[in-house]
There are 2 protein chains.
Amino acid sequence: MPRSRGHLLTTPPSEVDAALVALGYNLRTARVRRNLTLVQMAEALGVSREVLGEAEKGKASTSIAVYAGLLWRLGMIEQLGELARPDRDEEGQRLASFREPKRARPAGGPLDDDF
Amino acid sequence: MPRSRGHLLTTPPSEVDAALVALGYNLRTARVRRNLTLVQMAEALGVSREVLGEAEKGKASTSIAVYAGLLWRLGMIEQLGELARPDRDEEGQRLASFREPKRARPAGGPLDDDF
DNA sequence: AGCTTATGTCGGCTTAAGTCGACACTGGTT
DNA sequence: AACCAGTGTCGACTTAAGCCGACATAAGCT
């Protein structure tokens, strides 16, 4: 992976970390409620039970496939595709009312981003 | 990573793949609307611009940190922690009305899961 | 309490994720 | 239509993600 510089993957912003921990907790809760063991999950998804345990702890460097697989087995995979939906992105819609390109514009005015 | 067996990470279920592609598209749309380039994103997050491009295409084996980082920079990180929330998990709540353990139960009746 | 099973952890191993530099392509601007 | 900048892709390299087997601990059932 990275050549050893530690940023996003090693020490994510606290908000990111918090969100991942929350997600992991939610996944674990949903799994336990359904009375599924990590081993059963691992078999169903074709991954080792260790990575599932790590995902439920919110490990940031775990591939999204693992998280998505859990959501899938739990019958919640649609929720993933709802994330960041353009039609719910108010900030984005405001900006899109001006221009809606396929790329970020090369140069131009000082109108760059939020905050 | 895996010893070469191809399941979740290499060829995820189509629903998982679809959800990831949708997510990637949403992320790209939000980024472009904000007029941010991949390079700017990469600098802000401390990752290479390649992985960001791959994430926007919905690559399953990319770490969730990358996806989460994008959400974070776009001001949508909270949405991640909302995924699979127990209080919105109707199926889970139904089951939890019977028992709410910390682990899946060892043995017991043939009552295992949904469908 | 005792038994059973789920989950945590450790170490070694293999493979691929992520980085970096360079070049090609493509879309937006003037 | 020419130019410039954003994005796609390739190849080589470094590092760690995920696997596996085994053992330790903790939680649930009787």
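As a reminder, the structure under discussion sits directly above these lines.
We now turn to the structure provided with this report. Keep in mind that what you see is a predicted model, and the values were worked out from it rather than measured.

**Notes on the pattern of salt bridges**
Stage number 1. For the structure shown, the criterion picks out 16 salt bridges over all chains.
Stage number 2. For A:Arg28, the salt bridge goes to A:Glu56, with nearest N and O atoms at 3.2 Å. Note that A:Arg28 is positioned in helix H1 (residues 14-33) and A:Glu56 in helix H3 (residues 49-56), a separation of 28 residues in sequence.
Stage number 3. You can call A:Arg28 partly exposed: its relative accessible area is 33%.
Stage number 4. The class of A:Glu56 is buried, set by a relative accessible area of 7%.
Stage number 5. Its salt-bridge partner being B:Arg85, residue B:Glu82 comes within 2.9 Å of it at the nearest N-O pair.
Stage number 6. The class for B:Glu82 is partly exposed, based on a relative accessible area of 30%.
Stage number 7. What emerges from the salt-bridge pattern is a single network uniting A:Glu82, A:Arg85, A:Asp87 and A:Arg88.

**Some points on the nonpolar core**
Stage number 1. Among the nonpolar cores identified, the biggest contains 56 residues, and A:Leu80 and B:Leu80 are the most heavily contacted of them.
Stage number 2. Listed by contribution, the elements that provide at least two residues to this core are H1, helix H2 (38-45), H3 and helix H4 (64-73) of chain A together with helix H1 (14-33), helix H2 (38-45), helix H3 (49-56) and helix H4 (64-73) of chain B.
Stage number 3. Those residues in contact with A:Leu80 that sit more than four places away from it in its chain are A:Ala68, A:Leu71, B:Ala19, B:Leu20, B:Leu23 and B:Leu83.

**Looking at H2(B)**
Residues and elements named next belong to chain B.
Stage number 1. Listed in full, the buried residues belonging to H2 are Met41, Ala42 and Leu45. Projected down its long axis, H2 shows its buried positions confined to an angular sector of 100 degrees, all on one face.
Stage number 2. Those residues of H2 hidden inside the fold are in contact with H1, H3 and H4.
Stage number 3. Within two residues after H2, Gly46 carries a phi angle of roughly 80 degrees, on the positive side.

What counts, and where the lines are drawn
Residues numbered from 1 in each chain as written. Chains lettered and ligands numbered in written order. Predicted model: local features only at pLDDT ≥ 70, side-chain atom pairs only at ≥ 80, totals over all residues. Heavy atoms only, no water. Salt bridge = Lys/Arg side-chain N within 4 Å of Asp/Glu carboxyl O. Helix = DSSP H or I, 4+ residues; strand = E, 2+ residues; numbered from the N terminus. Buried < 20%, exposed > 50% of the residue type's maximum accessible area, 1.4 Å probe, protein only. Core = buried A, V, L, I, M, F, W, Y, C linked by side-chain atoms within 4.5 Å. Contact = heavy atoms within 4.5 Å. Arc of directions from axis to C-beta.

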